[in-house]
Amino acid sequence: MITKFLILDESSLSVLKGQKKLCIHAAWAGEGRGSERNCSSIPPYLPPTAVNTTLRLHHLRAAMAPLNISAYIIPATDAHLSEYIAPRDARLAWMSGFTGSAGTAVVTQNKAILWTDSRYWIQAERQMDCNWELERDVSIRSITNWLIQEIAEGDLVGFDPFLFSVDTFNSYNTDLAPANRILKSIPDNLVDKIWTDRPPLPADRPTSLPDSVIERTWPMKVEQIRAQISINPYKPTGVLLSALDETAWLFNLRGNDVPYNPFFYSYTLLSMDEIWQVLFVHVERITEELKVYLNSSCYTAYCVQLIEYRDVRTYLADYLLRPGVRLWVGTEYTNQALYELITPQEKLLTSTYSPVLTTKAVKDSTEQRILKEAHVRDAVAVIQLLMWLEKKVPEGTETEITAAHFVDECRSKQKNGRGPSFETISASGPNAALAHYSPTKETARKLTVDEMYLVDSGGQYLDGTTDITRTVHWGVPTHFQKEAYTRVLMGNIDISRTIFPSGTRGVNMEMLGRRALWEIGLNYGHGTGHGVGNYFGVHEWPVGFQTNNIPFQEGMFTSIEPGYYKENDFGIRIEDIVLTVPVTTKHGNNYLTFQTVSLVPYDRNLINTTLLSPEQLHWLNTYYETIRHGVGPELERQGLKVEYDWMMKHTAPFLIAGASAVSSFTLLVTALLPALLHHLL
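Residues numbered from 1 in each chain as written. Predicted model: local features only at pLDDT ≥ 70, side-chain atom pairs only at ≥ 80, totals over all residues. Heavy atoms only, no water.

Q: Please clarify how the sheet that holds strand β21 (residues 459-461) should be interpreted in this entry.
A: To summarise the sheet geometry, strands pair through backbone hydrogen bonds and adopt either a parallel or an antiparallel arrangement. Taken in spatial order, the three strands make up an open sheet running β18-β21-β22, and their pairing is antiparallel. Where the open sheet ends on each side, the last strands, each with one partner, are β18 (417-420) and β22 (464-465). Both β18 and β21 contribute to a ladder of two bridges, which runs antiparallel. Bridge assignment links Gly 417 to a residue of β21, and that residue is Tyr 461. (Pairing = 2+ DSSP bridges. Helix = DSSP H or I, 4+ residues; strand = E, 2+ residues; numbered from the N terminus.)

Okay, structure coming up:
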């Protein structure tokens, strides 16, 4: 055992006196110790991935005292309720050491608690020190029940209203108010006050998209949204846009303020009673060229007034003082700091999502075309990865990290590449059982032919955003692994080939992705799919298969991604992006199906074809033909002959039981002929 002592100067030590859970020394990772903390051992054991938070908690508690608050809530989000947040907004991570994307912390004068879901329990135990307790729950009810038990009646619970959605605030208040625990809105974030080395704003400036990737100009989009405002029976005078992708979409702008997503800090007030739009940004970052693009110095119907980002509350409060104003907000992405200004009730109109989010969900013809083109180039990069791993893994030199870096490098060489769309999930063996694991130098496993390997990755391109997951095995999988994989594939196919009425909600089809697993008592604990954008967010709401997603219409993109995870053993996920397209049925025309635009073959080594129905096998063979026709020419264009041969080999058709020998032979020859001709030429 290696013991690591915490060296403190006298002043630092003095502020720590009296802390109930202070660990002056702890046993750190050594031989025979695990990767998770053990706070019950003497001394407490902490892995090298744990973060010392003693001083940070002391300073936060000191900041809480003058405000007379007994608890302070710290969510893992930003003022726009974004999924991915900039380093300067990672307050929960800085306070607790926990870097997972979902979680909430509560700090009192003598306790610090983190709530997170099952995806991150192991990660939290690896990253938090013994100042923190872990609650294995994610529900607001669990947090409020804890608060009611821990603090007295009449006590104040502080929170930053910029980090609470309207619905989140209402959920907390509904539980706490009857128990006489009072939420106190504190717009000046307390973590920011003590975070002395908080990262600054990124230096990158917002830019406009080139004409080649847009069909609708921003004035056209403004008119489209204003038309929806004008026909709303409740007569709103404007709409407030708070989500970062709303403003980026409306004005055809992109930025680099948030990791993986091309967004910039902004709000927009699009009004009907004035003839211009108000864009709240860091004005000093707007170039003269962009000001001209936005017509920022005029006052006609298509002009954008630029207001400092920090003044959004002041401007909105003044706007709401005007007579006859009624503001439309989407509650899912509007923060409480702005929402609490909208009084009286007559000035407010709410819907779950703003008209921008619901309009953006349906891609126009240009967006559909270029997003499919981006997926062809992305398939080249993923095929390069899989082929490379097939060759290198038996040599025993590659790890989860080198594989992740390799696919990022492959994507960077593709036309219009703009980097990854999220942190690559590169996971082997038991690490793949963690659905959202990403490798670190402490946790990365060496890739081996004896373990299953899962890679979930995606790219940002000027013309699209991609997200694809493949699971492979380079050795001899067990019978159970093959059956689990095949049943996950069956779920993917069953959703992909389904035909449904336009306007069907994804939640009503979601069980198709689970049915084959349910038949043998297996399941998975994450969603089955999410929307995806055009050089936008890789998880684009409100499209998908969850209860709060909007009904499917023609022109929407979504992922389909069933999975299965056996704890401490292996994980399986198969994810494709699909486009909703019209289909003609025998007796009706207003029906849709899914067209798969991810174009990478599945692992033949893991498919038990005896479990597949003839219809599923036919779908699979048709899909492989689509890969050949879609990706084959691109591989040839890039001069990737070896990759072309690999693709042809891995998309050979499967024989369908019950088919005649003649038809099966014809199918095989038809499939192999292009490869034979390619070699001859």
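Q: Sorry, what's going on with the sheet that holds strand β4 (residues 69-75) here?
A: Spatial strand order, β7-β6-β5-β4-β8-β9: six strands in an open sheet with mixed pairing. Sheet topology places β7 (133-135) and β9 (182-185) at the edges, where each strand pairs with a single neighbour. Direction aside, neighbouring strands of the sheet carry axes that sit 25° apart on average. Two strands pair when backbone bridges link them, and strand β5 (residues 104-108) and strand β6 (residues 112-115) are joined in this way by four bridges, in the antiparallel orientation. (Axes fitted to C-alpha atoms, helices over the stretch in contact; angles between N-to-C directions.)

Q: Explanation requested: the UniProt feature "domain: Peptidase M24" (unreviewed entry) in the protein in the structure shown.
A: Under the local residue numbering, the UniProt record ascribes the feature "domain: Peptidase M24" (unreviewed entry) to residues 370-579. Regarding residues 370-579, the helix share stands at 28% and the strand share at 24%, and the terminal C-alpha atoms are separated by 12 Å. (UniProt positions renumbered as here; feature names shortened; annotations may be inferred.)

Q: Quick question: what am I supposed to make of the environment of Ala 112 here?
A: Positionally, Ala 112 belongs in strand β6. Overall, the relative accessible area of 0% leaves Ala 112 in the buried class. Along the primary structure Ala 112 and Tyr 72 are separated by 40 residues, whereas in three dimensions their C-alpha atoms are 9.7 Å apart. When sequence neighbours within four positions are dropped, the list of residues in contact with Ala 112 reads Leu 57, Arg 61, Val 106, Val 107, Asn 131, Trp 132 and Glu 133. (Buried < 20%, exposed > 50% of the residue type's maximum accessible area, 1.4 Å probe, protein only. Contact = heavy atoms within 4.5 Å.)

Q: It is not clear to me how the packing of aromatic side chains should be interpreted in this structure. Could you clarify?
A: One pass over the full model with this rule turns up 27 aromatic pairs. When the ring of Phe 159 is compared with that of Phe 164, the centres are 4.6 Å apart and the planes differ by 40°; the resulting orientation is tilted. Ring geometry for Phe 159 against Phe 169: centres 5.7 Å apart, planes inclined by 35°, an arrangement best described as tilted. Here Phe 159 is found in strand β8 (residues 156-159), whereas its partner Phe 169 is found in helix α6 (residues 166-176), with ten residues between them in sequence. Taken together, the ring pairs connect Tyr 602, Trp 619, Tyr 623, Tyr 624 and Phe 654 into an aromatic cluster. Note that Arg 514 overlies the ring of Tyr 524, its terminal NZ or CZ placed 3.8 Å from the centroid. (Phe/Tyr/Trp six-rings, centres within 6.5 Å; stacked < 30°, edge-to-face > 60°. Lys NZ or Arg CZ within 6 Å of the ring centre and 35° of its normal.)

Q: Honestly, the domain arrangement of the protein in this entry has me stumped. Any pointers?
A: Interface size, as often reported, equals the accessible area lost upon joining of the parts. Along its sequence, the protein is carved into domain 1 (53-194), domain 2 (213-361) and domain 3 (365-647). Counting residues at the interface gives six residues for domain 1 and seven residues for domain 3. When domain 1 packs against domain 3, the two sides together hide about 650 Å² of surface, and 54% of this comes from carbon and sulfur. Of all residues in domain 1, Tyr 84, Arg 119 and Arg 126 bury the most surface against domain 3, accounting for 61% of the area lost on that side. Across the contact surface, domain 1 and domain 3 share zero salt bridges. Joining domain 1 to domain 3, the criterion identifies one residue pair in polar contact (both at pLDDT 80 or more). (Domains from an automatic or database assignment. Buried area = accessible area lost by both parts, 1.4 Å probe. Salt bridge = Lys/Arg side-chain N within 4 Å of Asp/Glu carboxyl O. Polar contact = N/O pair within 3.5 Å; in protein donor to acceptor, adjacent residues only side chain to side chain.)

Q: It is not clear to me how the nonpolar core should be interpreted in this structure. Could you clarify?
A: Where a protein is soluble and globular, its nonpolar side chains tend to be buried together. Within the largest apolar cluster, 62 residues are counted, with the highest numbers of intra-cluster contacts made by Leu 389, Tyr 453, Tyr 602, Ile 607, Leu 620 and Val 631. Per-element accounting of this core gives the leading share, ten residues, to helix α14 (residues 365-392). The contacts of Leu 620, once residues within four sequence positions are left out, are Tyr 602, Ile 607, Leu 612 and Phe 654. The next biggest cluster of nonpolar side chains, apart from the first, holds 31 residues, and it includes Leu 241, Leu 244, Leu 250 and Val 281. (Core = buried A, V, L, I, M, F, W, Y, C linked by side-chain atoms within 4.5 Å.)

Q: Where do I start with the packing of helix α18 (residues 614-637) against helix α19 (residues 641-650) in this structure?
A: Think of two packed helices as two axes; the pair is described by the angle between the axes and how far apart they sit. Running from N to C, α18 and α19 point in directions that differ by 175°, and their axes come no closer than 10 Å. As judged from the angle between their axes, α18 and α19 are roughly antiparallel. Facing Tyr 624, Ile 627, Arg 628, Gly 632, Leu 635 and Glu 636 of α18, the residues of α19 in contact are Glu 643, Tyr 644, Met 647, Met 648 and His 650. Among the residues making up the contact of α18 with α19, the classes are represented as six nonpolar, two polar and three charged. (Parallel < 35°, antiparallel > 145°, perpendicular 65-115°, else oblique. Nonpolar A, V, L, I, M, F, W, Y, C, P; charged D, E, K, R; others polar.)

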